[in-house]
Amino acid sequence: MSENAIIYVFSGTGNTAKVCELYKNEFEKQGVETTLYKVTADFNNLPNPADFKYVGFAYPIHAFNAPNLMIDLARALPKCDGKTYFVLKSSGEPLRVNNISSYKLRRILKRKGYRQFAEYHYIMPYNMIFRHTDTMATKMWNTCSQLAPIEAREVLANTPHPLKKVPFGHFVAWVLRIEHGAMRINGRLFKVNKDKCINCGACAKNCPVGNIEIKDGKFRFKGDCLMCARCSFNCPTDAFNIALLNGWRINGRYNMHYDGEAQPNVHEWYCKKAYKRYFANAEEKIKNATSANSH
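Residues numbered from 1 in each chain as written. Predicted model: local features only at pLDDT ≥ 70, side-chain atom pairs only at ≥ 80, totals over all residues. Heavy atoms only, no water.

Right, let's talk about the packing of aromatic side chains for a bit. In this structure the tally under the stated criterion is 18 aromatic pairs. Between Tyr278 and Phe279, the aromatic rings sit 5.3 Å apart at their centres with planes inclined by 70 degrees, giving edge-to-face as the arrangement. (Phe/Tyr/Trp six-rings, centres within 6.5 Å; stacked < 30°, edge-to-face > 60°.)

Pasting the structure below:
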């Protein structure tokens, strides 16, 4: 088999896609032709994992689980006995409970003969809950952009990288998967402020599950919402109301290349120890890799 790779990517507002681009760049630097397959609800022209030497699945963590669309993808894939794969995932906080997010995905793929050998979790700025400062977003991106190539090389070397187990993790993941059904209901309740809306249609065009329809200037929200926040986060006029979660709504992209003075962070207390641990571990790994490459 030729040196090739595929990563099945679902990315809500682009963070996971950015991580996958880092992997693609490093893979191709190492001579591995790489395909990033964007996962949407229709699974259009779904590639067969058997045609690739390296297979990955990438997603943003939703309520400590993989998004429902990734679960549907796992169900749609053919059996492939003995095929190994890796997982890339992103979230806005480095809590260890995020380690449980792939449990159901892994279980479905295991029944089809796939075997996971590595899983990596990257911290990127929130698109829901609260807005990180650009200072923090830049720190997250700089860390990820240095760490991902190192770990991409680990994947090419088939280096095992399991995440630590979480006590009662399977039960916790099962309980929190209530989010899948709840978001379908919540998605029907979205509203658009017509005084702000400029009728650009980007929200409907870019919805990964086709949940938004616009006809004669009227919006219709169906029952397939994943709560990826792509519509509300990217709306150019901040016209969305996302129903029960509107208090957590964030609008507008981050500046991940901010080089000004450190911005005040009112959320500095939030998961403080977890962030400190994540950045310290990443810094050590980057330092060790840099040192090894210099010899």
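On to the environment of Cys203, then. Tracing the sequence through the fold places Cys203 in helix 7 (residues 202–206). Note: C-alpha distance between Cys203 and Gln30 (173 residues apart in sequence) is 37 Å. Every residue in contact with Cys203, bar those within four places of it in the chain, is listed here: Ile212, Ile214, Phe219, Cys231 and Phe240. (Helix = DSSP H or I, 4+ residues; strand = E, 2+ residues; numbered from the N terminus. Contact = heavy atoms within 4.5 Å.)

Working definition: the strands of a sheet are paired by backbone hydrogen bonds and lie parallel or antiparallel to each other. The parallel open sheet is built from five strands, whose spatial order is 2-1-3-4-5. In this open sheet, the two edge strands, each paired with only one partner strand, are strand 2 (33–38) and strand 5 (115–123). Looking at each pair of strands side by side, their axes are set apart by 20 degrees on average, direction ignored. The pairing of strand 1 (residues 4–9) with strand 2 spans six bridges and is parallel. Bridging from a neighbouring strand, Ile7 pairs with Leu36 of strand 2. Here helix 2 (residues 68–76) sits on the sheet and contacts strand 1 and strand 3 (54–60); the angle it forms with strand 3, its principal contact strand, is near 155 degrees. Of the strands in this sheet, strand 3, strand 4 (84–91) and strand 5 are in contact with helix 3 (residues 103–111), which crosses strand 3 at around 150 degrees. (Pairing = 2+ DSSP bridges. Axes fitted to C-alpha atoms, helices over the stretch in contact; angles between N-to-C directions.)

Bringing the layout of surface pockets into the picture now. Each pocket or cavity is described by its volume, and for the largest pocket that value is around 630 Å³. Along its surface, the largest pocket is lined by 29 residues, and Ile61, His62, Ala63, Met128 and Ile129 are the ones closest to its centre. Those elements that place two or more of their residues in the lining of the largest pocket are helix 1 (15–29), strand 4 and helix 6 (178–187). Element by element, the count of residues in the lining of the largest pocket is highest for helix 6, at three residues. For the lining of the largest pocket, the per-class residue count stands at 16 nonpolar, eleven polar and two charged. Approximately 540 Å³ is the volume found for the second largest pocket. Contributing to the lining of the second largest pocket are 19 residues, with His121, His161, Leu163, Tyr278 and Asn281 lying nearest its centre. (1 Å grid on protein atoms, 1.4 Å probe; cavity = no way out; pocket = protein on both sides within 12 Å on 5 of 7 lines; lining within 4 Å. Points joined across faces, edges and corners; volume = space filled by probe spheres on them. Nonpolar A, V, L, I, M, F, W, Y, C, P; charged D, E, K, R; others polar.)

Strand 5 sits mainly inside the fold: eight of its nine residues count as buried. Taken together, strand 4, helix 3 and strand 5 constitute a β-α-β crossover, and its handedness is right-handed. (Buried < 20%, exposed > 50% of the residue type's maximum accessible area, 1.4 Å probe, protein only. Right-handed = clockwise from strand over helix to strand, strands pointing away.)

Attention now moves to the nonpolar core. The tendency in soluble globular proteins is for nonpolar side chains to be buried side by side. Grouped together as the largest cluster of nonpolar side chains are 47 residues, with contacts concentrated most on Tyr8, Val39, Phe57, Phe190 and Phe240. When contributions to this core are tallied by element, the ones reaching two or more residues are strand 1, strand 3, helix 2, strand 4 and helix 3. Counting residues in each nonpolar core, the second largest holds 45 residues, with Ala5, Leu22, Ile250 and Tyr278 among its members. (Core = buried A, V, L, I, M, F, W, Y, C linked by side-chain atoms within 4.5 Å.)

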